[in-house]
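Residue-level structure breakdown
This is what each chain is made of:
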Amino acid sequence: MKTGRRFFLSGIAATVAGAQALLADVQRRQPSSQIPQIPDASGSTGGADAPLPPRADPKTQLKEEQKTLRRDVDRLVLLVKDLKDETDKTPETDVLSLSLVKKAEDIEKLARQIRDRIRAS
């Protein structure tokens, strides 16, 4: 029985040692963060000196975001009114239709998009 335990423990020790050796090998092989750039024949540096595209005016970007936000909120209000009208038309004893569920999901999706857009700005 002692040989069984010895065999088991030596197997565990060998597995741990092998894992450590593999991890050390992987860490040595990881490329460095600085990759040397080799200049091409034209003498250009590849795009590092390329001019950045002109940035849009922040005020105009803000105005565009406001417009899309207001458009989405108006659409949300319309969807909610449609849902309200449809629920008023259905009798209380009936089961809600799939179209009501679909409209509620669309409202929820649009509300999340609006919330995320507001949080991002």
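Residues numbered from 1 in each chain as written. Predicted model: local features only at pLDDT ≥ 70, side-chain atom pairs only at ≥ 80, totals over all residues. Heavy atoms only, no water.

**Overview of the pattern of salt bridges**
Going through the model one piece at a time under the given rule, you end up with eight salt bridges. The salt bridge partner of Arg 117 is Asp 72, with a shortest N-O separation of 2.3 Å. With Arg 117 in helix α3 (residues 98-120) and Asp 72 in helix α2 (residues 58-89), this pair connects stretches of sequence that are 45 residues apart. Residue classification places Asp 72 among the buried positions, given a relative accessible area of 9%. The shortest N-O distance in the salt bridge between Glu 86 and Lys 103 comes to 2.6 Å. (Salt bridge = Lys/Arg side-chain N within 4 Å of Asp/Glu carboxyl O. Helix = DSSP H or I, 4+ residues; strand = E, 2+ residues; numbered from the N terminus. Buried < 20%, exposed > 50% of the residue type's maximum accessible area, 1.4 Å probe, protein only.)

**Remarks on α2**
Taking 1.5 Å as the rise per residue, α2 with 32 residues should run 46 Å; its terminal C-alpha atoms sit 47 Å apart, in good agreement. Residues of α2 that are buried include every one of Leu 69, Asp 72, Leu 76, Leu 79, Leu 83 and Glu 86, and no others. Buried positions along α2 lie against α3. (Expected span 1.5 Å × (residues − 1). Contact = heavy atoms within 4.5 Å.)

**Structural notes on the nonpolar core**
Ranked by size, the top nonpolar core spans eight residues in total: Leu 69, Leu 76, Leu 79, Leu 83, Leu 100, Ile 107, Leu 110 and Ile 114. At the level of secondary structure, the elements contributing two or more residues to this core comprise α2 and α3. (Core = buried A, V, L, I, M, F, W, Y, C linked by side-chain atoms within 4.5 Å.)

**Considerations on the environment of Ile 118**
The residue Ile 118 is located in helix α3 in this model. Under the relative-accessibility criterion, Ile 118 is labelled partly exposed at 46%. The spacing of Ile 118 and Glu 65 is 53 residues in sequence and 9.3 Å in space, taken between C-alpha atoms.

**Notes on α3**
It helps to recall that an α-helix has 3.6 residues per turn; residues three or four apart then point in one direction. The terminal C-alpha atoms of α3, which comprises 23 residues, lie 33 Å apart, in line with the 33 Å expected from a rise of 1.5 Å per residue. Regarding α3, the residues found buried are Leu 100, Ile 107, Leu 110 and Ile 114.

**Considering the packing of α2 against α3**
Between α2 and α3, whose axes approach to 10 Å, the crossing angle comes to 155°. Here α3 runs roughly antiparallel to α2, going by the angle between their axes. Note that α2 runs across α3; the crossing there is left-handed. For the pair α2 and α3, contact is made by Thr 68, Leu 69, Asp 72, Val 73, Arg 75, Leu 76, Leu 79, Val 80, Asp 82, Leu 83, Glu 86 and Thr 87 and by Ser 99, Leu 100, Lys 103, Ala 104, Ile 107, Leu 110, Ala 111, Ile 114, Arg 117 and Ile 118, respectively. Partitioned by chemical class, the residues of the contact of α2 with α3 number 13 nonpolar, three polar and six charged. (Axes fitted to C-alpha atoms, helices over the stretch in contact; angles between N-to-C directions. Parallel < 35°, antiparallel > 145°, perpendicular 65-115°, else oblique. Left-handed = near helix turned anticlockwise from the far one by under 90°. Nonpolar A, V, L, I, M, F, W, Y, C, P; charged D, E, K, R; others polar.)

**Brief notes about the side chain of Glu 86**
By the element assignment, Glu 86 lies in helix α2. Each residue touching Glu 86, except ones within four places of it in the same chain, is listed here: Ser 97, Ser 99, Leu 100 and Lys 103.

**Here we look at the environment of Arg 115**
Tracing the backbone through its elements, the reader meets Arg 115 in helix α3. Sequence separation between Arg 115 and Leu 69 is 46 residues; the distance between their C-alpha atoms is 9.8 Å.

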